[in-house]
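# Report on the structure
Residue-level listing of the chains:
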Amino acid sequence: MSFPIHRPRRLRMNKVVRKMVRETCLSPADFIYPLFVTSGKGVRKKISTMPGCFQMSADEIVKEAQSAHRLGIPGIILFGIPEHKDEKGTEAYNPKGVVQMAVRAIKDKIPDLVVITDVCMCEYMSHGHCGIVKKGQILNDPTLELLAKEALSHAKAGADMVAPSDMMDGRVAVIRDILDANGFDDIPIMSYAAKYASAFYSPFREAAESTPQFGDRRSYQMDPANRREAIKEVALDIEEGADIVMVKPAMSYMDIISDVKDTFDVPVAAYNVSGEYSMVKAAAKLGWIDEMRIVMEILTSIKRAGADLILTYHAVDAAKELWK
Ligand code: PBG
């Protein structure tokens, strides 16, 4: 393997040759587009921490989902911002809740778009934690029942897939159970299997109005310092019935994406989270970076690391870029 016999630059000589030997090609089909649904009609409210993202009412979500669908993006994931929050997260499993209504509206207009729902309690709880709180503790087992009810109500509304993001132990199993018991055995579960307690979520918490009112999420989300533990979390979720497993965040966790891809045979999703998105937007606004080149490089790297699916707020912009 030595020069001058080997000259790797031969295969970089022009655009066409580079394309012939390219190892990773992004496609709009790789993306899942996250959307924030709120109540009302005609609502399209800017999210200040995430330029280009909006809280939208169901009718506006339908329009946004339609443009994503036309660009070849196969799926969206919905987050709900309920009108009312309480200590039991009642709105999470209200058949007329914001997510449930949006799912119905989207499936009615765009039946072949895959509508995924985020299953978590934090947006619906007055204290902003992902589970039931007692004496300052986030309780695991009592929360499972609420998550199961929430997932079932999403499925009843017509969701094509549910995605639990709470990090309670055992939630995939209870969700699989309740779905099967109610005739939804064909609804896949995409679990946020290796979800880290990350500072990269802060812009999202304004978007979803889900900032914890006390403490943080470190007693349920993973320690960013841990790599082997991700394998354990993913193995448990697959054992419990997860069909797709997710690593979250993506950019600082590419080693984890790669480990998960190498270790398991199920599709791997990666979540290019709000902080990763907003940093790009901020630097682009200041004129420090070329936004679209950076976005395409980030998304390509996430796929190269092993992600089969990428949840990203850049989905529509990136899909447009890919069609150019
Ligand atoms: C809900 C949830 C969060 C995100 C997705 N689902 C926030 C959190 O765990 O605090 C983060 C998404 C993002 O930052 O883009 N638990």
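Predicted model, so just to flag it, every value in this text is computed and none were measured. (Residues numbered from 1 in each chain as written. Predicted model: local features only at pLDDT ≥ 70, side-chain atom pairs only at ≥ 80, totals over all residues. Heavy atoms only, no water.)

Right, let's get into the nonpolar core. In terms of nonpolar packing, the biggest core is built from 87 residues, with Ile76, Leu78, Ile106, Ile257 and Ile302 touching the most fellow members. If we skip the residues at most four places from it in the chain, Ile257 touches Val247, Ala250, Val268, Ala270, Ile302, Ala305, Gly306 and Ala307. Counting 26 residues, the second-largest nonpolar core is a separate cluster that includes Cys53, Phe204, Val273 and Tyr277. (Core = buried A, V, L, I, M, F, W, Y, C linked by side-chain atoms within 4.5 Å. Buried < 20%, exposed > 50% of the residue type's maximum accessible area, 1.4 Å probe, protein only. Contact = heavy atoms within 4.5 Å.)

Among the structural elements, Ala319 can be located in helix 11 (residues 315-323). Separated by 206 residues in sequence, Ala319 and Leu113 have C-alpha atoms that sit 15 Å apart. In contact with Ala319, other than residues within four places in its own chain, are Pro28, Phe31, Leu71 and Ile73. (Helix = DSSP H or I, 4+ residues; strand = E, 2+ residues; numbered from the N terminus.)

What follows covers a positive patch on the surface. Together, Arg7, Arg9, Arg10 and Arg12 make up a positively charged patch on the protein surface. Among the secondary structure elements, Arg9 is positioned in the segment before helix 1 (15-20). (Patch = residues over 30% accessible without salt bridge, like charges linked within 9 Å, V, L, I, M, F, W, Y side chains within 5 Å. Areas by Shrake-Rupley, 256 points an atom, 1.4 Å probe, with all protein chains shown as cover. Salt bridge = Lys/Arg side-chain N within 4 Å of Asp/Glu carboxyl O. Lys, Arg positive; Asp, Glu negative; His and termini not counted. Charge placed at Lys NZ, Arg CZ, Asp CG, Glu CD.)

Here the focus is the environment of Lys107. Secondary-structure assignment places Lys107 in helix 3 (residues 98-109). Note: C-alpha distance between Lys107 and Val62 (45 residues apart in sequence) is 9.0 Å. If we skip the residues at most four places from it in the chain, Lys107 touches Leu113, Val115, Gly158 and Asp160. Among the polar contacts listed, one links the side chain of Lys107 to the backbone oxygen of Pro111, at a separation of 2.7 Å. (Polar contact = N/O pair within 3.5 Å; in protein donor to acceptor, adjacent residues only side chain to side chain.)

This part takes up the site of the ligand. In the vicinity of the ligand there are 18 residues, among which Lys195, Arg205, Lys248, Ser274 and Tyr313 approach most closely. Separating a nitrogen atom of the ligand from a side-chain N or O atom of Ser165 is a distance of 3.5 Å. Taking Arg205, its side chain carries an N or O atom lying 2.7 Å from an oxygen atom of the ligand. Contact with the protein chains removes 100% of the 400 Å² of surface that the ligand exposes when unbound. For the shell around the ligand, the class distribution of residues is 10 nonpolar, three polar and five charged. (Near = heavy atom within 4 Å. Nonpolar A, V, L, I, M, F, W, Y, C, P; charged D, E, K, R; others polar.)

A word on the side chain of Asn272. Its location among the elements puts Asn272 in strand 11 (residues 268-272). The class of Asn272 is buried, set by a relative accessible area of 1%. Among the polar contacts made by the side chain of Asn272, one reaches the side chain of Thr312 at a distance of 2.8 Å. Residues in contact with Asn272, not counting those within four places in the same chain, are Ala250, Met251, Ile298, Leu299, Ile302, Ile310, Leu311, Thr312, Tyr313 and His314.

The next point concerns the pairing of strand 3 (residues 54-57). Burial along strand 3 is two-sided: the face carrying Phe54 and Met56 and the face carrying Gln55 and Ser57 are both buried. Two strands pair when backbone bridges link them, and strand 1 (residues 31-38) and strand 3 are joined in this way by three bridges, in the parallel orientation. In the sheet register, Phe36 faces strand 3, and the bridge partner there is Gln55. (Pairing = 2+ DSSP bridges.)

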